[in-house]
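Okay, here's what each chain looks like letter by letter:
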Amino acid sequence: MKYKVLNKNSVINYIYEIKEIADYFGTDEVEAKEIGDGNLNFVYIVSSLQNKNKSLIVKQAVPYLRCVGEDFPLSRERMTYEIRALTKFKKITSKFIPKLYHTSEQMSVVVMQYLDEHIILRGGLIDKKIYPNFSDHISTYLARVLFYTSSLALQSCDKRELIDEFNGNVELCKLTEDFVFTFAFMENETNDNENVKNNPLANMLFDDMEFKEKVLELKYKFMTQTDALIHGDLHTGSIMLNKDETYVIDPEFAFVGPFGFDIGALLSNLVNNYVHHHIVTGDQEYKKWLLKTIEEMLKMFDEKFFDLWDAQENSSLILDGYIDDSALEKYKSKFLTNILRDSVGFAGCKMARRVFGVAGVEEIRGIKDKGLRAKAEKMILQIAREFVLKYDSINSIEQIIEIIER
Ligand code: ADP
Ligand code: SR1
Ligand code: MG
């Protein structure tokens, strides 16, 4: 089918042309609503009028950036990578990915399960919801996806094929290079310039050469390291959950990149939320839960990644008999420490980009009181700076918690 931009009327005609979906709704009348609140795409919920339990999600990429408008062209092929990533992740760790009912690269569309009993994690964290299973679920997702798409599990030729499959996602990788690692740390027209103007904190950040030099190291890692298939935008707006279930959505930034990037994204979002509660609600219990969640997520990731590695036979990296057990243990432990270090560095960049950069988050931009918002921004930049300057000497999760608490 030739590509056309859908709207809340044509999306209904479109899905009725897909036999399985037409069968699913049968003779029911359906209605569609646009519910997208992300920066890039359009998301429709299509529901039966006769049976409220029958609903599904249709997500379509349009050839521009939604949050800016048609003046910011962005090719709709980003949905091709979202489809490919969802399909791969589904195979590796099915229970954390919504059911996929239909995908079309030509129409840049994915039709998927409507997560009706789940909410976006960012909103839940702002509302001080406790998710007792989140650290367990997300560490399983991270360990499985990162391990099984890395050279620790894949044969050399399969890994290179995987890189090829995602190598074309150039525009979204460039968005991250620009918006996560660059523009937010210098004068730029895309920044939140209302806030940058006459703001000593912005001047300090933009003039902080020690910080910016380290950011370059991390940007270079992002641009060149091909460790595993990553989600590429795993902030708390890309997770939908309730107390029992966790789903990862929206992997259109996926490519074969550094192990630490997704872990860093989550760490940064949890820390920004911690700062929000420190400044705005002062809720000590909730802050404790956030720290516990960070600690558990990182610890469990470590253990689960190790376990998968221990169980792996026929690695293309380490041939049986190549080194003895004790040398191998040392190698594995260094390997995991390096992932932790990179995660902390990326987290620092990702925290800091939310202060003056184009894509703000509710935890900071949503603080109405200007004085409190400035306090939160200062604290975020302090922690982010320490993360970025010290990332390559971090040796333990406790050190990370100490930096946040201080
Ligand atoms: P974008 O690519 O524009 O960031 P997202 O994939 O993040 O779009 O989706 C935007 C919003 O649509 C989400 O924040 C969520 O509220 C809603 N949404 C997306 N997928 C689903 C789903 N499977 N079930 C329910 N709501 C969804
Ligand atoms: C201009 S793109 C802004 C941001 O939205 C996405 O969610 C990514 O985080 C990207 O950096
Ligand atoms: Mg999104």
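Computed from a predicted structure; not experimentally measured.

**Q** Please set out the nonpolar core residue by residue, giving values where relevant.
**A** Residues Tyr141, Phe305 and Phe387 are the most contacted members of the largest nonpolar core, which totals 109 residues. For this core, the element with the most residues is helix α13 (residues 325–356), which contributes 13 residues. Residue contributions to this core reach at least three from each of two domains, namely domain 1 (10–113) and domain 2 (119–405). Setting aside residues up to four positions removed in sequence, Phe305 forms contacts with Ala143, Leu146, Phe147, Leu152, Phe259, Phe335, Leu336 and Ile339. Ranked by size, the runner-up nonpolar core spans 21 residues in total, among them Ile15, Ile18, Val62 and Val111.

**Q** An account of the site of ligand 1 is needed here, citing residue identities and associated values.
**A** For ligand 1, the set of nearby residues contains 18 residues, the closest of which are Asp37, Asn41, Lys59, Asp250 and Glu252. Measuring from an oxygen atom of ligand 1, one finds a backbone N or O atom of Leu40 at 3.2 Å. Between Asp250 and ligand 1, the recorded distance is 2.9 Å, taken from a side-chain N or O atom to an oxygen atom. Protein burial of ligand 1: of its 550 Å² of free accessible surface, 93% is covered by the chains. The cavity where ligand 1 resides is the largest pocket. If you list the elements that add at least two residues to the shell around ligand 1, you get β3 (55–60) and β7 (109–113). Across the shell around ligand 1, the residue classes break down as 10 nonpolar, four polar and four charged. Structurally, the shell around ligand 1 is a two-domain feature, drawing no fewer than three residues from each of domain 1 (10–113) and domain 2 (119–405).

**Q** Lay out the site of ligand 2 in plain terms, naming residues and giving numbers.
**A** Neighbouring ligand 2 are Asn39, Leu40, Leu65, Phe179, Asp233, His235, Phe253, Arg353 and Ala359. Interatomic distance of 2.8 Å between a side-chain N/O atom of Asn39 and an oxygen atom of ligand 2. Within the side chain of Arg353, a nitrogen or oxygen atom sits 2.6 Å from an oxygen atom of ligand 2. For ligand 2, whose free accessible area comes to 320 Å², the fraction covered by protein is 96%. According to the grid-proximity analysis, the pocket containing ligand 2 is the largest pocket. Its residues placed into classes, the shell around ligand 2 shows five nonpolar, two polar and two charged. For the shell around ligand 2, the domains that each give at least three residues are domain 1 (10–113) and domain 2 (119–405).

**Q** Give a detailed account of the side chain of Thr93, specifying residues and quantitative values.
**A** On the secondary structure map, Thr93 appears in the loop between α3 (78–92) and β6 (100–104). With a relative accessible area of 4%, Thr93 lands in the buried category. Beyond its immediate stretch of four places on either side in the chain, Thr93 contacts Tyr141, Arg144 and Val145.

**Q** With reference to specific residues and values, describe the domain arrangement of the protein.
**A** With domains assigned, the protein is organised as domain 1 (10–113) and domain 2 (119–405). Taking only C-alpha atoms into account, the centre of domain 1 sits 27 Å from that of domain 2. Counting the surface lost from both domain 1 and domain 2, the interface buries some 2,300 Å², and carbon and sulfur atoms represent 68% of this. Looking at the side of domain 1 facing domain 2, the largest losses of area belong to Tyr81, Phe89 and Phe96, adding up to 30% of the total buried there. Scanning the region where domain 1 abuts domain 2 turns up three salt bridges. Between Glu165 and Lys88 there is a salt bridge whose closest N-O contact spans 3.3 Å. One can count nine residue pairs in polar contact (both at pLDDT 80 or more) joining domain 1 with domain 2.

**Q** Describe the sheet that holds strand β11 (residues 246–248), naming the residues involved and giving the relevant values.
**A** One open sheet holds the three strands; their spatial order is β8-β10-β11, and the pairing between them is antiparallel. Where the open sheet ends on each side, the last strands, each with one partner, are β8 (119–120) and β11. Two strands pair when backbone bridges link them, and β8 and strand β10 (residues 239–241) are joined in this way by two bridges, in the antiparallel orientation. Following the sheet pairing, Ile120 is matched in β10 by Met240. The strands that helix α5 (residues 134–148) touches are β10 and β11; relative to β11, the one it contacts most, it runs at about 35 degrees.

**Q** Account for helix α10 (residues 209–224), naming residues and giving values.
**A** Relative to the 22 Å expected for 16 residues at 1.5 Å per residue, α10 spans 22 Å between its end C-alpha atoms, a close match to the ideal helical length. Buried positions along α10 lie against α7 (170–179), α9 (200–206), β12 (255–257), α11 (260–281), α13 and α15 (370–390).

**Q** Describe the pairing of β6, listing the residues and the values that go with them.
**A** Examined bridge by bridge, β6 and β7 share four bridges and lie antiparallel to one another. Across the sheet, residue Leu100 finds its bridge partner in β7, namely Met112. Taking the residues that link successive antiparallel strands as the turn, the β6-β7 hairpin has four residues, and the phi of Ser108 there is positive, at about 50 degrees.

**Q** Give me the sheet that holds strand β2 (residues 42–48): which residues, what numbers.
**A** Spatially, five strands are ordered β1-β2-β3-β7-β6 in an open sheet, and the strand pairing comes out antiparallel. Each having just a single partner strand, β1 (30–34) and β6 make up the two edges of the open sheet. Strand-to-strand twist across the sheet, computed as the mean angle between neighbouring axes with direction ignored, equals 20 degrees. Each of β3, β6 and β7 is contacted by α3, which is oriented at about 35 degrees to β7, the strand it contacts most.

**Q** Lay out the packing of α10 against α13 with the relevant residues and their values.
**A** The geometry of α10 relative to α13 is characterised by a closest axis approach of 10 Å and an angle of 115 degrees between their N-to-C directions. The pairing of α10 with α13 is recorded here as roughly perpendicular in orientation. Note on packing geometry: the crossing formed by α10 with α13 is left-handed. On the side of α10, the interface is formed by Phe211, Val215, Leu218, Lys221 and Phe222, while α13 contributes Asp342, Gly345, Phe346, Cys349 and Ala352.

Definitions and cut-offs
- Residues numbered from 1 in each chain as written.
- Chains lettered and ligands numbered in written order.
- Predicted model: local features only at pLDDT ≥ 70, side-chain atom pairs only at ≥ 80, totals over all residues.
- Heavy atoms only, no water.
- Core = buried A, V, L, I, M, F, W, Y, C linked by side-chain atoms within 4.5 Å.
- Buried < 20%, exposed > 50% of the residue type's maximum accessible area, 1.4 Å probe, protein only.
- Helix = DSSP H or I, 4+ residues; strand = E, 2+ residues; numbered from the N terminus.
- Domains from an automatic or database assignment.
- Contact = heavy atoms within 4.5 Å.
- Near = heavy atom within 4 Å.
- Polar contact = N/O pair within 3.5 Å; in protein donor to acceptor, adjacent residues only side chain to side chain.
- Areas by Shrake-Rupley, 256 points an atom, 1.4 Å probe, with all protein chains shown as cover.
- 1 Å grid on protein atoms, 1.4 Å probe; cavity = no way out; pocket = protein on both sides within 12 Å on 5 of 7 lines; lining within 4 Å.
- Sits in = over half its atoms within 2 Å of the grid points.
- Nonpolar A, V, L, I, M, F, W, Y, C, P; charged D, E, K, R; others polar.
- Buried area = accessible area lost by both parts, 1.4 Å probe.
- Salt bridge = Lys/Arg side-chain N within 4 Å of Asp/Glu carboxyl O.
- Pairing = 2+ DSSP bridges.
- Axes fitted to C-alpha atoms, helices over the stretch in contact; angles between N-to-C directions.
- Expected span 1.5 Å × (residues − 1).
- Parallel < 35°, antiparallel > 145°, perpendicular 65-115°, else oblique.
- Left-handed = near helix turned anticlockwise from the far one by under 90°.

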